[in-house]
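Listed here are the chains, written in short residue letters.
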Amino acid sequence: MRILYAPCFFFGFIATAVWLIDLGADILWLLPLLGVAILLSFTCEALYPYKPAWSEAAGEGGRDGLHALVNEILNIASIAAIPLFAGWLPATSLWPSHWPVLGQLLLALPLADLGITLVHYASHRSALLWRLHAVHHSVTRLYGFNGLMKHPLHQMAEGLGGVLPLLLLGLPQDVAALLAFCIAVQLLLQHSNVDMRIGVLRHLFAWAPVHRLHHLKYGTLGDVNFALFFPVWDRLLGTALHLPGYGVGDEDMGIGDRPDYPQTYLAQLREPFRPAAKAQPPAAVPDSLRQALEHV
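Residues numbered from 1 in each chain as written. Predicted model: local features only at pLDDT ≥ 70, side-chain atom pairs only at ≥ 80, totals over all residues. Heavy atoms only, no water.

Focus on the UniProt feature "transmembrane region" (unreviewed entry) in the protein
And step 1. The feature "transmembrane region" (unreviewed entry), as given by UniProt, occupies residues 27-48, 69-89 and 101-121 in the numbering adopted here.
And step 2. Helix and strand shares over residues 27-48 are 82% and 0% respectively, and the end C-alpha atoms of the span are 32 Å apart.
And step 3. With 100% helix and 0% strand, residues 101-121 has end C-alpha atoms that lie 30 Å from one another. (UniProt positions renumbered as here; feature names shortened; annotations may be inferred. Helix = DSSP H or I, 4+ residues; strand = E, 2+ residues; numbered from the N terminus.)

A short note on the pattern of salt bridges
And step 1. By the definition in use, this model includes eight salt bridges.
And step 2. Among the salt bridges present, the one from Asp 195 reaches Arg 2, with a minimum N-O distance of 3.3 Å. A residue pair is termed long-range when its members are at least 10 positions apart, and Asp 195 in the loop between helix 8 (173-190) and helix 9 (208-211) and Arg 2 in the segment before helix 1 (5-22) qualify at 193 residues.
And step 3. Judged by relative accessible area, which is 15%, Asp 195 ranks as buried.
And step 4. Classification of Arg 2 by relative accessible area gives partly exposed; the value is 34%. (Salt bridge = Lys/Arg side-chain N within 4 Å of Asp/Glu carboxyl O. Buried < 20%, exposed > 50% of the residue type's maximum accessible area, 1.4 Å probe, protein only.)

Some points on the UniProt feature "domain: Fatty acid hydroxylase" (unreviewed entry) in the protein
And step 1. UniProt's entry tags residues 106-239 with the feature "domain: Fatty acid hydroxylase" (unreviewed entry), counted in the numbering of this structure.
And step 2. Across residues 106-239, helical content stands at 56% and strand content at 0%; the span's end C-alpha atoms are separated by 24 Å.

A word on unusual backbone geometry
And step 1. Here Asn 225, not a glycine, exhibits a phi torsion of approximately 50°, which is positive.
And step 2. With respect to the secondary-structure elements, Asn 225 resides in the loop between helix 9 and helix 10 (232-237).
And step 3. The class of Asn 225 is buried, set by a relative accessible area of 4%.

Topic: the side chain of Arg 258
And step 1. Within the element layout of this structure, Arg 258 appears in the loop between helix 10 and helix 11 (265-270).
And step 2. At a separation of 2.9 Å, a polar atom in the side chain of Arg 258 contacts the side chain of Asp 260.
And step 3. One polar contact links Arg 258 to Glu 271, side chain to side chain, over a distance of 3.3 Å.
And step 4. Among all residues touching Arg 258, those that are not within four sequence positions of it are Glu 271, Ala 277 and Lys 278. (Polar contact = N/O pair within 3.5 Å; in protein donor to acceptor, adjacent residues only side chain to side chain. Contact = heavy atoms within 4.5 Å.)

Digging into the packing of aromatic side chains
And step 1. Counted according to the given criterion, the structure contains 14 aromatic pairs.
And step 2. Considering the side-chain rings of Phe 42 and Tyr 143, the 6.1 Å spacing of their centres and the 35° angle between planes classify their relative orientation as tilted. Here Phe 42 is found in helix 2 (residues 30-47), whereas its partner Tyr 143 is found in the loop between helix 6 (127-137) and helix 7 (152-169), with 101 residues between them in sequence.
And step 3. The exposure class assigned to Phe 42 is partly exposed, which follows from its relative accessible area of 34%.
And step 4. Site record: aromatic cluster; members linked through ring pairs are Phe 10, Phe 11, Phe 205, Trp 207, Phe 229 and Phe 230.
And step 5. Lying across the ring of Tyr 121, Arg 125 places its NZ or CZ 3.9 Å from the centre.
And step 6. Over the ring of Tyr 50 we find Arg 212; its NZ or CZ atom is 3.6 Å from the centre of that ring. (Phe/Tyr/Trp six-rings, centres within 6.5 Å; stacked < 30°, edge-to-face > 60°. Lys NZ or Arg CZ within 6 Å of the ring centre and 35° of its normal.)

Written as structure tokens, this is what we have:
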């Protein structure tokens, strides 16, 4: 189960979504399919946890649910508005709309992933973008919903970086909906608390064992493994990191110099626009992590 979970979850749900669209189903059918994915994610996290403590809610469930609900509503609204955007954007026939849906999705995924990854990378280097992105890094445990826990403005920034170029090429609405579904599925896997064993697939897909290191709270040590889907971008950026001998724990999570970061939904929406709080000294790197880094 631990070996099969990630590939079966990823390819199973995406193949089902492509099949539905190929059948001519309304793109709204992707919403209940996403609900099934979320339910399965929660169930497997309870049965096969990477960290049992991360499966125990500490009062943040309502907040995370609001983040997910608001951000998915924004996604749906954006997809619904694509025909309107098409009227504003320059007419183009560059997108291969004549390809099968699966072929179009296979083209859209790496292109969108590159744009999203570059915005993510910039968010750790731009003070302005970091103020928005810090909401995502304030989590103190990783589980599926964390991937959907983003400030709406930062989600919009990532969406512009990843999807706007495709819309300029003429991306159809149904393929855009599939792309949004794939992103949601990937975010569930990337932040999952399932004790998945992905082996050599870590070179191909940025699932949880790859992405957990990105949430290290120790200064710039977490400025690694930015990719959403494909780790190849991190290898090209020089930001790939693999620490097979180190298990990320709850003491490694959060924002090291902001342990007081707000934890309620509305406070997190306001935080990027408040006067910058005084940063505390960076969190000390534990010896076990230091030793693991010495062997990289």
